[in-house]
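Architecture and fold: a report
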2 protein chains.
Amino acid sequence: MEISHTEENYLKAIFKISERDGKPASTNAISSEMSTSAASVTDMIKRLSDKTLIHYERYRGVTLTGQGAQIATHLIRKHRLWEVFLVDKLHFSWDEVHEIAEQLEHIKSQGLVERLDEYLGFPKFDPHGDPIPDADGNFAIRKQVLLSELKHSERGLVVGVQDHSTAFLQYLDRMALVLGTPVEVLEYFEYDESMRVLISGEREQVLSKKVCQNLFIQKR
Amino acid sequence: MEISHTEENYLKAIFKISERDGKPASTNAISSEMSTSAASVTDMIKRLSDKTLIHYERYRGVTLTGQGAQIATHLIRKHRLWEVFLVDKLHFSWDEVHEIAEQLEHIKSQGLVERLDEYLGFPKFDPHGDPIPDADGNFAIRKQVLLSELKHSERGLVVGVQDHSTAFLQYLDRMALVLGTPVEVLEYFEYDESMRVLISGEREQVLSKKVCQNLFIQKR
DNA sequence: AATCATTTTTAGATTAGCTTAAAAATTTAT
DNA sequence: ATAAATTTTTAAGCTAATCTAAAAATGATT
Ligand SMILES: [Mn+2]
Ligand SMILES: [Mn+2]
Ligand SMILES: [Mn+2]
Ligand SMILES: [Mn+2]
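Here goes a summary of the coordinates provided. Just so we're clear, the structure is a prediction, and the values are computed from it rather than from any experiment. (Residues numbered from 1 in each chain as written. Chains lettered and ligands numbered in written order. Predicted model: local features only at pLDDT ≥ 70, side-chain atom pairs only at ≥ 80, totals over all residues. Heavy atoms only, no water.)

Attention now goes to the coordination of the manganese ion (ligand 1). Residues and elements named next belong to chain A. Looking at the manganese ion (ligand 1), one finds its protein donor set to be His79 (NE2), Glu83 (OE) and His98 (ND1), positioned 2.0 to 2.2 Å from the metal centre. Metal-to-metal, the separation of the manganese ion (ligand 1) and the manganese ion (ligand 3) is 3.6 Å; Glu83 coordinates the two. Linking Glu83 in helix α4 (residues 66-89) with His98 in helix α5 (residues 98-104), this pair joins segments that are 15 residues apart in sequence. Classification of Glu83 by relative accessible area gives buried; the value is 2%. (Donors = N, O, S within 2.8 Å, 3.2 Å for Na, K, Ca; no water. Helix = DSSP H or I, 4+ residues; strand = E, 2+ residues; numbered from the N terminus. Buried < 20%, exposed > 50% of the residue type's maximum accessible area, 1.4 Å probe, protein only.)

Following this line, the structure appears as structure tokens:
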């Protein structure tokens, strides 16, 4: 069965929404995620439903079938592997790769993804710290917390971002808060929920509430 | 101005036909190259003409404008660079890469092609020996002849193929006639226009007329 | 329970790209 | 030069994907 570029994007959107909200994806949630009209979503829902890629009850939201979920995770696998390629091999910075990977994820080929995976050394996480599902669709799980959840004197490594915006990624570059950087909480300010942290054991920096709520840390 | 995946493919087809035939591309030639109906071609010609990507006089054929030619050569550049990537880095064989490159050539990004070019070491020819145009659209010219044009005792190196079919490429692999292989004509048989050739200075082999007419040789 | 607000679906239209069949223009052959 | 053959265009219609506006269903409020 042929599956279009557009259908793939809808499946990925439904996957992400269900995962984020822990419940079926509503028509409006999908239309918002895809930046299309709700009417277009209703239309596409019918098509995906006919292809048994989603379960759908009118007015009650959408969930992926096994086949639909398989396509969605495979798409995410390709997206993240291409992001690794662009950063590790072509030396793009982590804020430049999402758009390109958005196109590359739709390339269809039997062996390409697996060869790419091998060429990259079977990475488990992408340049933003997001897990790369394996060929069976299983995601590596890593216990991580937001920096904002750390208490005084706790330490850890920067392992990911919640906010993927260019603005945030460039801010982190400026602060040298790249993935793998050690951080330690030196002081917490109740007033504005900001924190003074020690970065790489050498530089102190005050980070705003917003920053702390968007940085994933692995405690150690 | 937005230019679609399909429009790009038409421009590339027109470029190839004009180059091959040395005259404007006819509606039928395009429909044959694109495997679509002549009516579809007439339709698309109008659209490309409105966008000033082609010159078009009814019943008289199509030529590319400067802008159209620029898009076509850029597409060919991307296609051939991706083929080099797939063969050199991901270890695909030369008969497996065309279809994938057919998709990859449509990826849009400011810096991607140039970074890829650099990563690959600025190759001048693709895995089939076809020249890779530079960023300005200039193709390297190499004086090459068909093996069938060589006379007795003349030698050269295999530098390219005219027929890109999987069947031919796999045949060449079997005969160890990969790019760069030295060949010398030992004997010519008028009867069926076949040739006995010395391959890599060590193995003799009779090659059919069809094979000889599809192998590009650089004399030496 | 009835009203109001929100969400979702339906209706009607548009665009790109494609098809087949018929008509028109051009080229080739007699 | 006229007829026949070929090429190209036009006409009409289809599907995927989109939109806006209106109708219908659901959920929340009084
Ligand atoms: Mn991304
Ligand atoms: Mn996508
Ligand atoms: Mn990512
Ligand atoms: Mn090639």
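In this complex, chain A contributes 20 residues to the contact, which on the side of chain B involves 20 residues. Regarding the contact of chain A and chain B, the summed buried area is about 1,700 Å², with carbon and sulfur atoms giving 67% of it. Among the residues chain A hides against chain B, the three largest losses belong to Leu90, Arg115 and Tyr119 of chain A. Together they make up 33% of the total. At the boundary of chain A with chain B, the tally comes to 0 salt bridges. Run the count over chain A and chain B and you get 7 residue pairs in polar contact (both at pLDDT 80 or more). Breaking the side of chain A that touches chain B down by element, the ones donating at least two residues are α4, α5 and α6 (112-119) of chain A. Grouping the amino acids of the side of chain A that touches chain B by side-chain chemistry returns 11 nonpolar, 5 polar and 4 charged. (Contact = heavy atoms within 4.5 Å. Buried area = accessible area lost by both parts, 1.4 Å probe. Salt bridge = Lys/Arg side-chain N within 4 Å of Asp/Glu carboxyl O. Polar contact = N/O pair within 3.5 Å; in protein donor to acceptor, adjacent residues only side chain to side chain. Nonpolar A, V, L, I, M, F, W, Y, C, P; charged D, E, K, R; others polar.)

Attention now goes to the protein's contact with DNA strand D. Around DNA strand D, the surrounding shell holds 21 residues, and the nearest of these are Ser4, Ser40 and Arg47 of chain A together with Asn28 and Lys46 of chain B. With respect to DNA strand D, the backbone of Asn28 of chain B contributes an N or O atom lying 2.9 Å from a phosphate oxygen. At a separation of 3.0 Å, a phosphate oxygen of DNA strand D approaches a polar side-chain atom of Thr42 of chain B. If you list the elements that add at least two residues to the surface near DNA strand D, you get α1 (5-21) and α3 (38-50) of chain A together with α2 (27-34) and α3 (38-50) of chain B. Per element, the largest residue contribution to the surface near DNA strand D is 5 residues, and it comes from α3 of chain A. Of the residues assigned to the surface near DNA strand D, the class counts are 8 nonpolar, 9 polar and 4 charged. (Near = heavy atom within 4 Å.)

The next subject is the packing of aromatic side chains. Using the criterion set out here, one finds 8 aromatic pairs over all chains in the structure. Aromatic pair Trp82 of chain A and Phe85 of chain A: ring centres 5.6 Å apart, planes at 85 degrees, arrangement edge-to-face. Placement of the pair is Trp82 of chain A and Phe85 of chain A together in helix α4, with a separation of 3 residues, close to one helical turn. According to the relative accessible area criterion, Trp82 of chain A is buried, its value standing at 2%. A residue is classified by how much of its surface remains accessible, and Phe85 of chain A, at 0% relative accessible area, is buried. Their ring planes at 75 degrees and their centres at 6.3 Å tell us that Tyr119 of chain A and Phe85 of chain B sit as a pair that is edge-to-face. Residue Tyr119 of chain A is located in helix α6, and its partner Phe85 of chain B is located in helix α4 (residues 66-89); the two belong to separate chains. Linked through ring pairs, Trp82, Phe85 and Tyr119 of chain A together with Trp82, Phe85 and Tyr119 of chain B together constitute an aromatic cluster. (Phe/Tyr/Trp six-rings, centres within 6.5 Å; stacked < 30°, edge-to-face > 60°.)

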